[in-house]
Amino acid sequence: MVLYILVAVVTVWLAMLVNNHCTAVNNRMSRQQLLNGLCLTFIFVILFALSACRLNVGNDYAKYVEFMHLVNCDAYVPTEIGFNGIVKLLYAISGFENYLLVFAFFAFFTALLFLVAMYKQADSFGFSFFLFMAFGYYFQSFNTVRYYLALAIALFAIPYVLRKEWLKLVFLIVLGATFHKSILVVLPLYYLASRNWKKWQLALGALFCTTFFFLQDFYLKVVVFLYPTYEDTEYLEGGTSYVNIARCLGILILALICYKKSVKDNERNRFYFYCNLGALVMYVCCSFLPIISRIGYYLTITHIFFIPALLSGIENRKLKKFVTAGVIMAGVLYFAIFILMKAGNDGLRILPYETFMFHEMVPILSDVN
């Protein structure tokens, strides 16, 4: 726990020193750019090392080791072709079942893509990185490593949506789908969020959303068709997050207050607005769908950009300071609850932290049998 808090504090402090909008002076690297490079390097090394050096940290760590063993034995696994290919390649290079190298591979590219996306897209890299850490996105990447790599790819791909470079977007999303096919949902979701909706269209959309309440069996059959491995498993139990609903609702209220100033005529912020609205609708209306949070995260990840953008549009200085302080306090509280009350639960199990340097891997299912 102390280690996670220390990592969060140090990396956020380094992130606050980064100015992602500075430019070169007389075609030469400025001091700020040099400082940016040093801070970003240290942040990346810390995040990568913590994730890559862990052992049996994460509720599905042992399951992934089992999957990797089965992939190496050419047995059936429910994982995607990209993951399977990386496992076979790294195992072949290592000459043995080096699952630590596979986890390091995913840790490397997940951290890298998140940092690059934030540096290129954030109004304030420091603020966006604080929200990224406070909302637990980094620490949750210790679970479902395929999914969080896909999430990082989706975040990285957002500029292609805003520039309407659809072929590049499709290429990146299809690439991400070779690691976790859930990323395919961003193709329709991001397209819909990029539209400038009229009021009557929103009304029709709201009417359509009512079908989620009385056609649940139909939508569950669609999910089972797309994800046949979910049939007759606990994944079909559904569920939602009241914390995420509260967060989306709070951001929606702030966005409506700042709508004319910061959202209405700003294509990027309008995209974030509809991502947040879509996530709120999903959490409220689609709680019966399996693992709705995985779909919702593709939309709520934009909060790390949307919140700073909304705050920068508040003209009243006192109000801006007050709301900013409230957001920071809420982020710290969210992080504290996450670390103190959730991190050790079976659903996450990222505490206690263990590393291959001092601990041994527990036997996997194939070893027991």
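Since this is a predicted model, take the numbers as computed values, not measurements.

Turning our eyes to something else, we now look at the overall build of the chain. Looking only at helices and strands, the chain features 20 helices and zero strands. Relative to the 2.2 N^0.38 estimate, which gives 21 Å for 369 residues, the radius of gyration of the chain is 21 Å and therefore close to what a compact globule would have. A principal-axis box enclosing the C-alpha atoms of the chain has dimensions of 65 × 60 × 40 Å. Sorting the 369 residues of the chain into buried and exposed places 49% on the buried side. For the chain, the accessible area works out to roughly 18,800 Å², and carbon and sulfur atoms hold 68% of it. Separation between the mean location of the 28 positive side-chain charges and that of the 19 negative ones in the chain comes to 19 Å.

The linkage connecting Leu-351 with the following residue, Pro-352, adopts the cis geometry, with an omega of 0°. Within the chain, Asn-56 stands out as a residue other than glycine whose phi angle is a positive 55°. With respect to the secondary-structure elements, Asn-56 resides in the loop between helix H2 (31-52) and helix H3 (61-72). With a relative accessible area of 12%, Asn-56 lands in the buried category.

What follows deals with the packing of helix H14 (residues 242-257) against helix H18 (residues 303-312). Packing of H14 against H18 leaves a shortest axis separation of 10 Å and a crossing angle of 30°. One element, H14, and the other, H18, form an angle in the roughly parallel class. By crossing handedness, the relation of H14 to H18 is classed as left-handed. The segment H14 lies against H18, with Arg-247, Cys-248, Ile-251, Leu-254 and Ala-255 engaging His-303, Phe-306, Ile-307, Leu-310 and Leu-311. The residue makeup of the contact of H14 with H18, split by class, is eight nonpolar, one polar and one charged.

A few words on the pattern of salt bridges. On inspection of all chains with the given rule, the structure shows seven salt bridges. Measuring nitrogen to oxygen at the nearest pair gives 2.4 Å for the salt bridge that ties Asp-74 to Lys-88. Pair noted here: Asp-74 is in the loop between H3 and helix H4 (81-94) and Lys-88 is in helix H4, with a separation of 14 residues, a long-range link.

Per the counting criterion, the structure on display carries 38 aromatic pairs. Plain terms: the ring middles of Tyr-4 and Phe-142 are 6.2 Å apart, the flat faces sit at 65° to each other, and that makes the pair edge-to-face. Of this pair, Tyr-4 sits in helix H1 (residues 2-16) while Phe-142 sits in the loop between helix H7 (137-140) and helix H8 (145-162), and the two are 138 residues apart along the sequence. According to the relative accessible area criterion, Tyr-4 is buried, its value standing at 0%. A cation over a ring is seen here: Arg-247 above Phe-135, with NZ or CZ 4.1 Å from the ring centre. Positioned above the aromatic ring of Tyr-147, the side-chain terminus of Arg-294 is 5.9 Å from the ring centre.

Attention shifts here to the side chain of Asn-84. Note on placement: Asn-84 falls in helix H4. Given the relative accessible area of 19%, Asn-84 is considered buried.

With 19 residues, helix H16 (residues 267-285) should cover 27 Å at 1.5 Å per step; its first-to-last C-alpha distance of 26 Å lies within 8% of that length. Its side-chain oxygen 3.1 Å from the backbone nitrogen of Arg-268, Asn-266 forms the N-cap of H16.

A word on the environment of Ser-124. With respect to the helices and strands, the residue Ser-124 is situated in the loop between helix H5 (99-121) and helix H6 (125-134). Between the alpha carbons of Ser-124 and Pro-308 there is a distance of 7.0 Å; along the sequence they are 184 residues apart.

We now examine H14. Working note: α-helix, 3.6 residues per turn, so residues spaced by three or four point in the same direction. Helix length check: H14, at 16 residues, gives a terminal C-alpha distance of 23 Å against a target of 22 Å (1.5 Å per residue), a fit within 8%. The complete set of buried residues in H14 reads Asn-244, Ile-245, Arg-247, Cys-248, Ile-251, Leu-252, Leu-254 and Ala-255. Residues of H14 that are buried make contact with H7, helix H15 (259-263), H16, helix H17 (292-300), H18 and helix H19 (317-342).

Within the largest apolar cluster, 122 residues are counted, with the highest numbers of intra-cluster contacts made by Phe-129, Phe-139 and Tyr-190. Looking at this core element by element, the count peaks at 14 residues for H8.

Following both chains from N to C, one finds H4 and H5 inclined at 130°, their axes separated by 9 Å at the closest point. The angle between H4 and H5 places the two elements in the oblique class. For the pair H4 and H5, the sense of crossing is right-handed. Of H5, the residues touching H4 (which contributes Phe-83, Ile-86, Val-87, Leu-90, Tyr-91 and Ser-94) are Tyr-99, Leu-101, Val-102, Phe-105 and Phe-106.

Scanning the entire structure with this criterion turns up zero disulfides. With no disulfide of its own, Cys-275 lies closest to Cys-248 among cysteine sulfurs, the gap being 11 Å.

Here we take up a nonpolar patch on the surface. A cluster of nonpolar residues, Met-1, Ile-5, Val-9, Leu-333, Ile-337, Leu-340 and Met-341, forms a patch on the protein surface that exposes about 670 Å² of accessible area. When residues of the nonpolar patch are traced back to their parent elements, those giving at least two are H1 and H19. Per-element tally for the nonpolar patch: the top contributor is H19, with four residues. Within the secondary structure layout, Met-1 lies in the segment before H1. A relative accessible area of 41% means that Met-1 is categorised as partly exposed.

Here is what the cut-offs are and how they apply
Residues numbered from 1 in each chain as written. Predicted model: local features only at pLDDT ≥ 70, side-chain atom pairs only at ≥ 80, totals over all residues. Heavy atoms only, no water. Helix = DSSP H or I, 4+ residues; strand = E, 2+ residues; numbered from the N terminus. Rg over C-alpha atoms; globule rule 2.2 N^0.38 Å. Buried < 20%, exposed > 50% of the residue type's maximum accessible area, 1.4 Å probe, protein only. Areas by Shrake-Rupley, 256 points an atom, 1.4 Å probe, with all protein chains shown as cover. Lys, Arg positive; Asp, Glu negative; His and termini not counted. Charge placed at Lys NZ, Arg CZ, Asp CG, Glu CD. Axes fitted to C-alpha atoms, helices over the stretch in contact; angles between N-to-C directions. Parallel < 35°, antiparallel > 145°, perpendicular 65-115°, else oblique. Left-handed = near helix turned anticlockwise from the far one by under 90°. Contact = heavy atoms within 4.5 Å. Nonpolar A, V, L, I, M, F, W, Y, C, P; charged D, E, K, R; others polar. Salt bridge = Lys/Arg side-chain N within 4 Å of Asp/Glu carboxyl O. Phe/Tyr/Trp six-rings, centres within 6.5 Å; stacked < 30°, edge-to-face > 60°. Lys NZ or Arg CZ within 6 Å of the ring centre and 35° of its normal. Expected span 1.5 Å × (residues − 1). Polar contact = N/O pair within 3.5 Å; in protein donor to acceptor, adjacent residues only side chain to side chain. Core = buried A, V, L, I, M, F, W, Y, C linked by side-chain atoms within 4.5 Å. Disulfide = S-S within 2.5 Å. Patch = residues over 30% accessible without salt bridge, like charges linked within 9 Å, V, L, I, M, F, W, Y side chains within 5 Å.

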